[in-house]
Amino acid sequence: MTFFEKQLKEGVFQICYCKNCNNVLWPPKEICHICHKKTDWRKSMNVGTIAEFSKKDSTYFGLIEIDDGIRVLGEISCSSEPSIGQSVKMIVSLDTRPHYSFIVENN
Amino acid sequence: MNKVAIIGTGQTRFSKEDGDVEKLLFESANKCIQSTKNCNSNDIDGVLVSTNNNSKYMGAILSETMGIQPKVSHTIEHLCSSGTSAIISAYSYISSGLSDVILISGVESATNPGQVLKWDKSRGVFEHPIYWASMLTKSHKRKFHTTEEELAIVSAKNHKHAIDNPLAYSNEPKTISEVMNSKQITDDLRILDCSRSCSGSSSILLATEEKARKISDELIWITGIGQKTTSASFTKNVLEEIKSTRIAGDSAYKMADIEPKHVDVAEVHDAFSICELMAISELGITSNEESGEFVRNLFNTENRMINPRGGLIGAGHPLGATGISQTIEITNQLQGKSEKRQIPNAETGLIHNMSAAGTSSSVMVLEN
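About the criteria used
- Residues numbered from 1 in each chain as written.
- Chains lettered and ligands numbered in written order.
- Predicted model: local features only at pLDDT ≥ 70, side-chain atom pairs only at ≥ 80, totals over all residues.
- Heavy atoms only, no water.
- Helix = DSSP H or I, 4+ residues; strand = E, 2+ residues; numbered from the N terminus.
- Rg over C-alpha atoms; globule rule 2.2 N^0.38 Å.
- Buried < 20%, exposed > 50% of the residue type's maximum accessible area, 1.4 Å probe, protein only.
- Contact = heavy atoms within 4.5 Å.
- Areas by Shrake-Rupley, 256 points an atom, 1.4 Å probe, with all protein chains shown as cover.
- Arc of directions from axis to C-beta.
- Pairing = 2+ DSSP bridges.
- Axes fitted to C-alpha atoms, helices over the stretch in contact; angles between N-to-C directions.
- Domains from an automatic or database assignment.
- Salt bridge = Lys/Arg side-chain N within 4 Å of Asp/Glu carboxyl O.
- Polar contact = N/O pair within 3.5 Å; in protein donor to acceptor, adjacent residues only side chain to side chain.
- Nonpolar A, V, L, I, M, F, W, Y, C, P; charged D, E, K, R; others polar.
- Core = buried A, V, L, I, M, F, W, Y, C linked by side-chain atoms within 4.5 Å.

Comments concerning the overall build of chain B
Within chain B one finds twelve helices and eleven strands. Its C-alpha radius of gyration of 19 Å places chain B within 12% of the 21 Å reference for a compact globule of 368 residues. If you line up chain B on its principal axes, its C-alpha atoms span 55 × 45 × 35 Å. Taken across its 368 residues, chain B has 63% of its residues classed as buried. When contacts within chain B are restricted to residue pairs at least 6 apart in sequence, those whose partners lie at least 24 apart make up 79%. Of the roughly 13600 Å² of accessible surface on chain B, 46% is carried by carbon and sulfur atoms.

Now the structure itself:
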């Protein structure tokens, strides 16, 4: 299991970035493809915005943009239909796949 | 650079049942060689296999089975566009002078590991293609006011075309209303908006001009090629566009020295209804705003210009064989051999094949 996956399992989304050129690298990698230096980690702020969404059965899912432009597909929890640009809080976990869950703030 | 011609074709019927990939492969390869006037195993010095199947050493296995001892032989995997990737690799071997005649055979079984890209962690638990297709559809509706009826017309049109394709997995017609009332998969996708993974195989023979003129009387030329990969992760896409298709299309048009208006017939990668609307827009055949109306007009006038064999939705989608079947359809169209599906006087045709939500695309222009 990679460091990123171990941290996801503990509920932490780690952002991979290059200490030398400050680029965010997604998906995570050990060496920066721009300056070829070793990369480092910082914890996500766990907030994002909804870029697009749809619904399967009773579950909303969507494309969410989190820290520094990283975009992931995740479940959206909300009490009414979400909207584009809405702020969300991220909760992560891992079993056989990464789980990215988002809660609409002020919904 | 040597000119490269298509000199033979062969296909199996597509099926939603699982199939024996070796058996299917040999069936289409045999039909392909038999389709030529006078090609035998000794003429072939390259054998490429395109598949997502996990079987090993398929290029050599197909070669031995067909009695060929080629110079070049290997497998090519590039998810849904493995087929055109293999054809373009063969083109490169021939045009560079490394090979003279290459057999390209694509094959897949209905259940295959190419349907989901496990590597893409950014998809989280939403790894199946229906989720990215829902995102593209919702975004297109939002930005270009595309309607559910316009999306349903893509599927109804392609099912209608497939009625006259004896190799399609199904020849059942579907009305616009049947598509719009078919099982809802997500809020933005119905079951009849989706292509279906199938078993099947398709083979094609490419050759140098000198060899081609000895082997065949009905030469079709590959005059334009474009390929582009923008990423592997779906989430790096801008939802309203398929950039790889636009870039690959521009390259292919430039190489063939033609413009989109010169395309008489096209096979485009309608993995989902939305993909056809986006592809014909990115290829410059219409615009995103007018793509729904464009397809409605084709449907109402029974114009088969786009996806005459039924596309992936109508004919089925055996991943490794799809790009080769698309190329065979355009070849037949330019030879005037498409029977009920024939576009009158077709001289210039286009093939568009893509992978993983359009993160990569291949485009080819064929001329007679």
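Some details on helix H2 (residues 58-65) of chain B
Residue and element names in this part refer to chain B. Taken together, the buried positions of H2 are Met58, Gly59, Leu62 and Ser63. The buried residues of H2 occupy one face: seen down the axis, they fall within an arc of 135 degrees. Buried residues along H2 sit against helix H1 (21-34), strand E2 (46-50), strand E3 (72-76) and strand E4 (101-108).

Focus: the sheet that holds E3(B)
Residues and elements named next belong to chain B. Strand order in the open sheet formed by nine strands is E3-E2-E4-E7-E1-E8-E11-E10-E9, with mixed pairing between adjacent strands. For this open sheet the edge positions go to E3 and strand E9 (265-267), each flanked by a neighbour on one side alone. Pairwise comparison of adjacent strand axes, ignoring direction, gives a mean angle of 25 degrees for this sheet.

Here's the deal with the domain arrangement of chain A
Residue and element names in this part refer to chain A. According to the domain assignment, chain A consists of domain 1 (3-43) and domain 2 (47-104). In this structure, domain 1 and domain 2 have C-alpha centres spaced 21 Å apart. Taken together, the contact between domain 1 and domain 2 spans eleven residues of the former and twelve residues of the latter. Across the contact surface, domain 1 and domain 2 share one salt bridge. One salt bridge connects Asp68 with Arg42, and the closest N-O pair in it is separated by 2.6 Å. The interface formed by domain 1 and domain 2 holds one residue pair in polar contact (both at pLDDT 80 or more) in total. Among the elements that take part in the side of domain 1 that touches domain 2, helix H1 (residues 3-9) stands out by supplying four residues, more than any other. Tallied by class, residues from the side of domain 1 that touches domain 2 come to seven nonpolar, one polar and three charged.

Quick word on the environment of B:Asn181
Residues and elements named next belong to chain B. By the secondary structure assignment, Asn181 is in the loop between helix H6 (176-180) and strand E5 (184-186). We classify Asn181 as exposed; its relative accessible area is 61%. Residues Asn181 and Ile7 lie 174 residues apart in sequence; the distance between their C-alpha atoms is 43 Å.

Here's the deal with the sheet that holds strand E7 (residues 98-104) of chain A
Taken in spatial order, the five strands of this closed barrel run E3-E4-E5-E7-E6 (chain A), and their pairing is mixed. On average, each strand axis in the sheet is inclined to that of its neighbour by 45 degrees, with strand direction left out of account. Bridging between strand E4 (residues 59-65) of chain A and strand E5 (residues 71-77) of chain A involves six bridges; their strand directions are antiparallel. Directly across from A:Glu65, in E5(A), lies its bridge partner A:Arg71. Along the sheet, helix H4 (residues 129-144) of chain B makes contact with strand E3 (47-56), E4 and E5 of chain A, crossing E3(A) at roughly 100 degrees.

Brief notes about unusual backbone geometry
All names here are of chain A. Cis peptide bonds are those with omega within 30 degrees of zero, and the linkage from Trp26 to Pro27 qualifies with -5 degrees. Note on placement: Pro27 falls in the loop between strand E1 (14-18) and strand E2 (39-43). If you check the backbone angles, Asp68 has positive phi at about 50 degrees while not being a glycine. With respect to the helices, strands and loops of the structure, Asp68 is situated in the loop between E4 and E5.

Section: the pattern of salt bridges
Oppositely charged side chains are able to pair whenever their charged atoms sit close together. Residue and element names in this part refer to chain B. Counted under the stated rule, the structure contains 25 salt bridges over all chains. Residues Lys214 and Glu210 are paired through a salt bridge, measuring 3.9 Å at the closest nitrogen-oxygen approach. Of this pair, Lys214 and Glu210 both sit in helix H7 (residues 209-215), separated by four residues, roughly a single helical turn. Between Glu267 and Arg309 there is a salt bridge; the shortest N-O distance is 2.9 Å.

Examining the nonpolar core
With 52 residues, the main nonpolar core has B:Trp132, B:Phe234, B:Phe272 and B:Ile306 as its most contacted residues. When residues of this core are traced back to their parent elements, those giving at least two are E4 of chain A together with H4, helix H5 (148-162), helix H8 (243-256), helix H9 (273-282), helix H10 (291-300), strand E10 (348-355) and strand E11 (360-367) of chain B. Apart from residues no more than four positions distant in its own chain, B:Ile306 is found in contact with B:Lys157, B:Asn158, B:His161, B:Ala266, B:Val268, B:Glu276, B:Ile280, B:Ile285, B:Phe294 and B:Leu298.

Quick word on the pairing of E4(B)
Residue and element names in this part refer to chain B. Burial within E4 is extensive, with eight of its eight residues counted as buried. Of the two faces of E4, both are covered, the one formed by Val101, Leu103, Ser105 and Val107 as well as the one formed by Ile102, Ile104, Gly106 and Glu108. Where E2 lies against E4, five bridges are found, and the strand directions are parallel. Its bridge partner lying in E4, Val49 is registered against Ser105. Summarising the sheet, E4 and strand E7 (residues 200-208) pair through eight bridges and their orientation is antiparallel. Residue pairing across strands places Ile102 opposite Leu206, the latter belonging to E7.

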